[in-house]
Amino acid sequence: MKRYISSIKYVLGLSLVLGATGCGDQLDEVKPQTSLNRDVILSDPNAAMTLYYGVYGSFRSYHGTLFSLGEMRSEIWADGLFTESEDGGARNYYTHNIDVNNVPATNWAGFYSLLDKLNTAIKLFPQTPVPDDQKNRVLAEMHGLRGYIYYTMLKTWGGVPLTTEPVTQVGGLADLYRERATPDAVMAQVKADIDQSLALFGSDNALTGGFTGTSKHIYWNRAATLTLKGDAYLWSGTHMGGGSADFAAAQQALEEVGTIGGLGLLENYADLFNPAREAGNKEIIFAINYEKDEGTMGVYGNFRVNTTQASTLLLDPLTNPRTVAQAYPYLAGASRVGMSEGMIQKLQNPDDKRIAATFQVMYRDVAPTYPIAGVLLTKFAGRQDAGAQLYDTDFPVYRYADVLLMLAEAKTKQGMDPSAEINQIRARAYGSDYTPYENGSQEDNMRAILEEDLREFIGEGRRWWSLRRAGNEWVFAYVDPVYLAAGQEYKLLLPISVGMLNSDPKLTQTPGY
């Protein structure tokens, strides 16, 4: 270990900066440096903005982690139908094969590296020569992002070490030891960051800063902070004793998102995942950016097929028979994670426009039965480009459908009628002749919300969090008890590894493990 970290260095090469922004005109604004130190950041506005754009470049690298933590423990993916050998790491998530010797997302999933970058930006930006309005916008975004990361960690591990200062000097190993804060303290930090973010945004409802040079919603914004507030207050109201006061606060924040101009549901669900329609997309509140020649999505290889399978497996064998390769000639991957046949049958509904835009069912070429071989996740397939598949679909972290379904949840948990929000989701999914939902009991309403949530967000890293936020009873109602049964509530949080415990004497194991 180096005894002193005298300057805060981030390898933010120019390609990383441009990959985060998606804007070629940043070439004129960013110095071609390979590292940045404190003095340069504090004296050069271009260097300060390089730090800012670099945070988003770093955030993008956590896409796979956010997806796995937020979805892979849900009921969607299972020991079901897939055509290659299973992915052992993914299987540990969806089978809940988790204990102190089998720890997914070890080392806090690497989040403290990202948090240190956020802490650095929050610490240094007030002292930089960046114009004040731009400075406030940057700080508002950084506080929102930090709140989002700590909220994700709280949902994953419960209490985690809290640090809001960047690491600038280390006198010895003991300086890095940190005990786990209580879950209440972590939630207090999340809410403090939300409050600070909203205060810094003020009345700035623009979905991207004017200095970023893009109309895509790929930078944190006030609507994202309000959506996070609704999300976090629903969680604290359900799990942390906040009750009706927190549910009311969540409702207020989510309703305010609905008043922000330029936001709403897209008419056509499939357009959400069309790379050609991402600029100014009114449903996207905040997304991780992917661009040709800058950064492309590599997360979903386990949900596609290899070339041999693509040439033999069929799509729509009875109505429009064609091989996967004919429909998607350049798609590549390995079918190592599957759905159960029961889940496939549950989701298949020709009237639901979301399903056809999300996955395709693959069949074996064995007439006349054509047995199901598995599913091909196509939501993030991207597009064909120059004889190859270009995986450049942005990954939505929050979109307007989140706001509607969480608002429905906030109303339900207060004994109010959520049918208006549910029916907005249904109308888009099924068209004008949809069956309207009518207000029922709290249990009926919550189930209706979760059923729409299931179909709306497949592959978007939401489902596990939605079940958890709804309440523990809903987790056990939906997840196969073979994998996770009532009485195993401790498994709702992840353990930390023995190696982490051995390297830091202040750490304690997650309760129950």
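The coordinates are above.
The rules behind the values
- Residues numbered from 1 in each chain as written.
- Predicted model: local features only at pLDDT ≥ 70, side-chain atom pairs only at ≥ 80, totals over all residues.
- Heavy atoms only, no water.
- Helix = DSSP H or I, 4+ residues; strand = E, 2+ residues; numbered from the N terminus.
- Buried < 20%, exposed > 50% of the residue type's maximum accessible area, 1.4 Å probe, protein only.
- Contact = heavy atoms within 4.5 Å.
- Lys, Arg positive; Asp, Glu negative; His and termini not counted.
- Charge placed at Lys NZ, Arg CZ, Asp CG, Glu CD.
- Polar contact = N/O pair within 3.5 Å; in protein donor to acceptor, adjacent residues only side chain to side chain.
- Axes fitted to C-alpha atoms, helices over the stretch in contact; angles between N-to-C directions.
- Parallel < 35°, antiparallel > 145°, perpendicular 65-115°, else oblique.
- Left-handed = near helix turned anticlockwise from the far one by under 90°.
- Nonpolar A, V, L, I, M, F, W, Y, C, P; charged D, E, K, R; others polar.
- Phe/Tyr/Trp six-rings, centres within 6.5 Å; stacked < 30°, edge-to-face > 60°.
- Lys NZ or Arg CZ within 6 Å of the ring centre and 35° of its normal.
- Salt bridge = Lys/Arg side-chain N within 4 Å of Asp/Glu carboxyl O.
- Expected span 1.5 Å × (residues − 1).
- Pairing = 2+ DSSP bridges.

A.B. asks: Tell me about the overall build of the chain, residues and numbers included.
C.D. replies: Counting secondary structure elements, the chain contains 20 helices and eight strands. Overall, the chain is about 70 × 55 × 50 Å in size when its C-alpha atoms are taken along their principal axes. Across the 513 residues in the chain, those meeting the buried criterion constitute 58%. A separation threshold of at least 6 residues defines the contact pool for the chain, and within that pool the share at least 24 residues apart is 73%. Distance between charge centroids for the chain: 4 Å, based on 45 positive and 59 negative side chains.

A.B. asks: Can you tell me about the environment of Asp 99, naming the residues and giving the values?
C.D. replies: Take Asp 99: it is sitting in the loop between α5 (88-94) and α6 (111-124). Sequence separation of Asp 99 and Leu 494 is 395 residues, and the distance between their C-alpha atoms is 8.3 Å. Setting aside its immediate chain neighbours within four residues, Asp 99 contacts Pro 495 and Tyr 513. A polar contact is formed between the side chain of Asp 99 and the backbone nitrogen of Asn 101, at a distance of 2.8 Å. In terms of polar contacts, Asp 99 uses its side chain to reach the backbone amide nitrogen of Asn 102, at 2.9 Å.

A.B. asks: I'd like a description of the packing of helix α10 (residues 243-257) against helix α15 (residues 400-413), backed by residues and values.
C.D. replies: Where α10 contacts α15, the axes come no closer than 9 Å and their chain directions differ by 150°. By the angle class used here, α10 and α15 are roughly antiparallel. As for how α10 packs across α15, the hand of that crossing is left-handed. Residue-level contacts link Phe 247, Ala 250, Gln 251, Leu 254, Glu 255 and Val 257 of α10 to Tyr 400, Val 403, Met 406, Leu 407, Ala 410, Lys 411 and Lys 413 of α15. Class assignment of the residues belonging to the contact of α10 with α15 gives a composition of nine nonpolar, one polar and three charged.

A.B. asks: Tell me about the packing of aromatic side chains, residues and numbers included.
C.D. replies: In total, this model carries 29 aromatic pairs according to the counting rule given. Ring geometry for Tyr 300 and Phe 380: centres 5.1 Å apart, planes at 5°, overall stacked. With Tyr 300 in the loop between β1 (284-288) and α11 (307-312) and Phe 380 in the loop between β5 (372-377) and β6 (383-385), this pair connects stretches of sequence that are 80 residues apart. Neither residue differs from the other here; Tyr 300 and Phe 380 are each classed as buried. In this structure an aromatic cluster arises from ring pairing among Tyr 52, Tyr 53, Tyr 56, Phe 59, Tyr 148, Phe 211, Tyr 219, Trp 220, Phe 286 and Tyr 398. In this structure, Lys 191 is placed above the aromatic ring of Tyr 233, and the distance from its NZ or CZ to the ring centre is 4.1 Å. Taking NZ or CZ as reference, Arg 463 lies 4.8 Å from the ring centre of Tyr 478, over its face.

A.B. asks: Pulling in residues and values, what's your account of the pattern of salt bridges?
C.D. replies: For the structure on display, the rule yields 37 salt bridges. Note that Glu 141 is salt-bridged to Arg 137, the shortest N-O span being 3.0 Å. Residue Glu 141 and its partner Arg 137 are located together in helix α7 (residues 132-157), separated by four residues, close to a single helical turn. Using a relative accessible area of 0% as the deciding quantity, one classes Glu 141 as buried. Classification of Arg 137 by relative accessible area gives buried; the value is 4%. Close ionic contact of Arg 428 with Glu 283 constitutes a salt bridge, the shortest N to O distance being 2.8 Å. Remark: Glu 283 occurs in the loop between α10 and β1 and Arg 428 occurs in helix α16 (residues 419-430); sequence separation between them is 145 residues. An identical accessibility class is assigned to Arg 428 and Glu 283; each is buried.

A.B. asks: Residues and numbers for helix α9 (residues 222-239), please.
C.D. replies: Under the 1.5 Å per step criterion, the end-to-end length of α9 is 25 Å for 18 residues, consistent within 8% with the ideal 26 Å. Burial runs high along α9: 16 of the 18 residues are buried. One side-chain oxygen at the N-terminal end of α9 lies 3.2 Å from the backbone nitrogen of Ala 223; it belongs to Asn 221. Positive backbone phi, at 80°, marks Gly 241, one or two positions downstream of α9.

A.B. asks: Talk me through unusual backbone geometry; I want residue IDs and the actual numbers.
C.D. replies: Most of the time, phi is negative for any residue but glycine, and the peptide bond is trans. Look at the link from Ala 367 to Pro 368: it is a cis peptide, with omega at 0°. Tracing the chain through its elements places Pro 368 in the loop between β4 (359-363) and β5. Of note in this structure, Ala 105 is not a glycine but carries a positive phi near 55°. Here Ala 105 is to be found in the loop between α5 and α6. Here Ala 109, not a glycine, exhibits a phi torsion of approximately 55°, which is positive. Relative to the assigned elements, Ala 109 resides in the loop between α5 and α6.

A.B. asks: Explain the pairing of strand β8 (residues 395-399) residue by residue, including any values.
C.D. replies: Within β8, five of the five residues are buried, which leaves the element mostly enclosed by the surrounding structure. Taken together, the four bridges between β1 and β8 define a ladder with antiparallel strand orientation. Directly across from Ala 287, in β8, lies its bridge partner Pro 396.

Purely geometric stuff here, so don't read any function into it on its own.
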